[in-house]
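Each chain, letter by letter, is given below.
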Amino acid sequence: MTRRTRIVLKGSAWFLCLLPLLVLLYRGFTDGLGANPISYATNWLGQWTFRLLLVSLALTPLRIVTGLVWPVRLRRLVGLFAFFYAGLHFLVWILVDHFFNWDQMLADLVKRRYITIGALALILLIPPAITSTNGMMERLGGTAWRRLHRLVYLVGVLAALHFLWLAKGFRPDAVLYAAILAVLLGVRALDTLRRRLRRRSARVTRTAPA
Ligand code: HEM
């Protein structure tokens, strides 16, 4: 991949990841947030957090299935944007929904199962986000770094529970996101199993008497 292609790819990814925020701001300034702007902003940011999380989790399975390498280059960027949107989603909840009413927030955190799960998902996103740089990868070592970054799978599962629980009744989008997540995690699990079996059969061939 040439330097120019890389710049175009990253630039387009930046633009696409920022677009939901720009649309939200535009709607905010043009009275387009409906009758309940706080709920609109919370839901919009929650939706985009989940979508970007799914995109970041889809890039490796895409390489496994198609052999394409370039999407994996965008994994860190998209993952960090998912974290950014999760932070904004949380900020709207703190600043606008509760306006720093700590007692009310704590009560919400304890009482509402979906809030507890959402908060846990956000907390678990912090270690992968702050260790996403090349420097941190070198410092931690490849194996520890990869293990730590597997937390994102758990975040995906918590995000799915958060959405399914808050939806109460049947919500097609919540079920769709959970199904996409299951497929993505399934592809990774099958790939890991395939690689383990291949390694084991290579070991058996090497140690077998001639
Ligand atoms: C990785 C983290 C998170 C993800 C992926 C996520 C995702 C979502 C999604 C998809 C929705 C539903 C949007 C809709 O109805 O269209 C939502 C709503 C919501 N989330 Fe989150 N969320 C996360 C973290 C949090 C955190 C940390 C909090 C607060 C502590 C939170 C509080 C809420 C609230 C209050 C709603 C609105 C519920 C309602 O409409 O009654 N979320 N979130």
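Criteria and thresholds
Position numbers for residues start from 1 in each chain and track the written sequence from start to end. It should be noted that, the model being predicted, local features are given only for residues of pLDDT at least 70 and side-chain atom pairs only at 80 or more, the latter also being counted only at that level, while totals for whole chains, interfaces and linings use all residues. Here a strand is any run of E in DSSP of at least two residues, a helix any run of H or I of at least four, and the numbering for each starts at the N terminus. Counting other C-beta atoms within 10 Å of each residue's C-beta, where C-beta atoms are placed from the backbone, gives the exposure class: buried for 20 or more, exposed for 12 or fewer, partly exposed between. A pair of residues counts as a contact when their C-beta atoms, built from backbone coordinates, are within 7 Å of each other. Fitting a line to C-alpha atoms yields each axis, with helices limited to the stretch in contact; the angle taken between N-to-C directions then spans 0 to 180 degrees. When an angle is under 35 degrees it counts as roughly parallel; over 145 it counts as roughly antiparallel; between 65 and 115 it counts as roughly perpendicular; any other value is oblique. The crossing is said to be left-handed when, going from far helix to near helix, the turn is anticlockwise and less than a right angle, and right-handed when the turn is clockwise. Only Asp, Glu, Lys and Arg are considered charged in this grouping, and only Ala, Val, Leu, Ile, Met, Phe, Trp, Tyr, Cys and Pro are considered nonpolar; every other residue, Gly among them, is considered polar. The span one expects for a helix is its residue count, reduced by one, times 1.5 Å. Consider a residue and the seven residues that end there alongside the seven that start there; fitting an axis to each set, the bend is the angle between those axes. Among buried residues, those of type Ala, Val, Leu, Ile, Met, Phe, Trp, Tyr and Cys that are joined through C-beta atoms within 7 Å form a set called a nonpolar core. Placing a C-beta atom from the backbone of each residue, we mark the residue near a molecule or strand if the atom is within 6 Å of it.

### Remarks on the overall build of the chain
- For the chain, the helix and strand inventory stands at 9 helices and 0 strands.
- With respect to the principal axes defined by its C-alpha atoms, the chain has extents near 75 × 45 × 35 Å.
- Counting over 210 residues, the chain shows a buried share of 20%.
- Put simply, 66% of the contacts in the chain that link residues at least 6 apart link residues at least 24 apart.

### Re the packing of helix H1 (residues 3–29) against helix H3 (residues 75–97)
- Where H1 contacts H3, the axes come no closer than 10 Å and their chain directions differ by 15°. In terms of orientation, H1 and H3 fall into the roughly parallel class. Like other packed secondary-structure pairs, H1 and H3 cross with a definite hand, here right-handed. Mapping the contact onto sequence places Lys10, Ala13 and Cys17 in H1 and Leu77, Val78 and Phe81 in H3.
- Of the residues that constitute the contact of H1 with H3, the class distribution is 5 nonpolar, no polar and 1 charged.

### Considering H1
- The end-to-end C-alpha distance of H1 is 38 Å, a good match for the 39 Å that 27 residues give at a rise of 1.5 Å each.
- Along its length, H1 reaches its greatest deviation from straightness, about 40°, at leucine 19, and the proline proline 20 lies no more than four positions downstream.
- Burial analysis of H1 places just 1 of its 27 residues in the buried class, a small minority of the element.
- After H1 finishes, the residue aspartate 31 shows a positive phi value of roughly 60°.

### A word on the nonpolar core
- Leu52, Ala82, Tyr85 and Ala159 are the most contacted members of the largest nonpolar core, which totals 32 residues.
- When neighbours within four sequence positions are excluded, leucine 52 is seen to be in contact with Cys17, Val78, Phe81, Ala82 and Tyr85.

### Overview of the site of the ligand
- Close contacts around the ligand come from 23 residues, with Asn43, Gly46, Gly118, Ala121 and Ala159 the closest.
- Among the elements of the structure, helix H2 (37–66), H3, helix H5 (113–130) and helix H8 (151–167) are those that each provide at least two residues to the shell around the ligand.
- Counting residues per element, the shell around the ligand draws most heavily on H2, which supplies 8 residues.
- When its residues are assigned to classes, the shell around the ligand shows 14 nonpolar, 9 polar and no charged.

### Focus on H8
- Its 17 residues give H8 an end-to-end C-alpha distance of 24 Å, which sits within 8% of 24 Å, the value for a rise of 1.5 Å per residue.
- Considering only its buried residues, H8 is in contact with H2, H3, H5, helix H7 (142–149) and helix H9 (172–207).
- Of the residues one or two after H8, lysine 168 is the one with positive phi, at around 60°.

### Here we look at the environment of leucine 176
- When you line up the elements, leucine 176 lands in helix H9.
- With 11 C-beta atoms packed within 10 Å, leucine 176 lands in the exposed category.
- Here the alpha-carbon distance between leucine 176 and alanine 160, two residues 16 residues apart in the chain, equals 9.7 Å.

### Topic: the packing of H2 against H8
- The interhelical angle for the contact between H2 and H8, taken along N-to-C directions, is 145°, at an axis separation of 11 Å. In this structure, H2 crosses over H8, and the sense of that crossing is left-handed. Every residue of H8 that contacts H2 at Phe50, Leu53 and Leu57 is listed here: Val152, Val155, Gly156, Ala159 and Phe163.
- In the contact of H2 with H8, the residues fall into 7 nonpolar, 1 polar and no charged.

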